[in-house]
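Structural overview
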Amino acid sequence: MILENMAVCDLRCLNDICIAERIEEIRNVGLLILLSDADRKVREVLERVKRTDVAAEIQAAKSERKLRCILRGCGEFGLKYVSFKNKSGTNFR
């Protein structure tokens, strides 16, 4: 099986050695997401999979809340990180 031509390839649900062994190559992927606490054997198999044109690779837990928000196209921003000012120069609240 070849996983290809995806903006995001989320393999966090993959924790089965039989399925992991079927993946021959991952190519033309913008972001590859692997399960951070996957079974050791599954991790070893996935490390050996040939990768071609994979822009970024990260590891995350299945329940990573912030990652889910980013993938759905929304973000959580607070005034701590973003400061919006109106024409008079005061912050919006």
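Please refer to the structure higher up on the page.
Notes on the structure follow. Just so you know, these numbers come straight off a predicted model, no measurement behind them. (Residues numbered from 1 in each chain as written. Predicted model: local features only at pLDDT ≥ 70, side-chain atom pairs only at ≥ 80, totals over all residues. Heavy atoms only, no water.)

Let us look at the sheet that holds strand S1 (residues 2-11). Hydrogen bonds between backbone groups are what pair the strands of a sheet, and the pairing can be parallel or antiparallel. The parallel open sheet is built from three strands, whose spatial order is S1-S2-S3. Because the sheet does not close on itself, it has two edges, and the strands there are S1 and strand S3 (50-60). The sheet shows a mean angle of 20° between the axes of neighbouring strands, direction not considered. As judged from the nine bridges shared by strand S2 (residues 25-35) and S3, these two strands associate in the parallel manner. Paired with Ile-26 across the two strands is Arg-51, which belongs to S3. (Pairing = 2+ DSSP bridges. Helix = DSSP H or I, 4+ residues; strand = E, 2+ residues; numbered from the N terminus. Axes fitted to C-alpha atoms, helices over the stretch in contact; angles between N-to-C directions.)

This brings us to unusual backbone geometry. With a phi close to 55°, Asn-5 is a non-glycine residue in the positive phi region. One can find Asn-5 in strand S1. Positive phi outside glycine occurs at Asn-28, with the angle close to 55°. For Asn-28, a relative accessible area of 33% corresponds to the partly exposed category. (Buried < 20%, exposed > 50% of the residue type's maximum accessible area, 1.4 Å probe, protein only.)

A word on the nonpolar core. One finds Leu-11, Ile-23, Ile-26, Leu-32 and Leu-46 to be the most contacted residues of the largest nonpolar core, which totals 14 residues. Listing elements by their share of this core, those giving two or more residues are S1, S2 and helix H2 (40-48). No other element matches S2, which puts four residues into this core. If we ignore the near neighbours within four places in the chain, the residues touching Leu-46 are Leu-14, Ala-20, Ile-23, Leu-34 and Arg-51. (Core = buried A, V, L, I, M, F, W, Y, C linked by side-chain atoms within 4.5 Å. Contact = heavy atoms within 4.5 Å.)

The final tally for this structure, using the stated rule, is five salt bridges. Its salt-bridge partner being Arg-27, residue Glu-25 comes within 3.2 Å of it at the nearest N-O pair. Of the residues examined, Glu-25 reaches a relative accessible area of 10% and is grouped as buried. One network of salt bridges, in which partners are shared, links Glu-4, Glu-25 and Arg-27. (Salt bridge = Lys/Arg side-chain N within 4 Å of Asp/Glu carboxyl O.)

Along the chain, Arg-43 turns up in helix H2. Accessibility expressed as a relative area gives 34% for Arg-43, which makes it partly exposed. Put simply, Arg-43 and Leu-14 are 29 residues apart on the chain and 9.8 Å apart in space, counted from C-alpha to C-alpha. In this structure, Arg-43 is in contact with Ser-36 and Ala-38, ignoring residues within four places of it in sequence.

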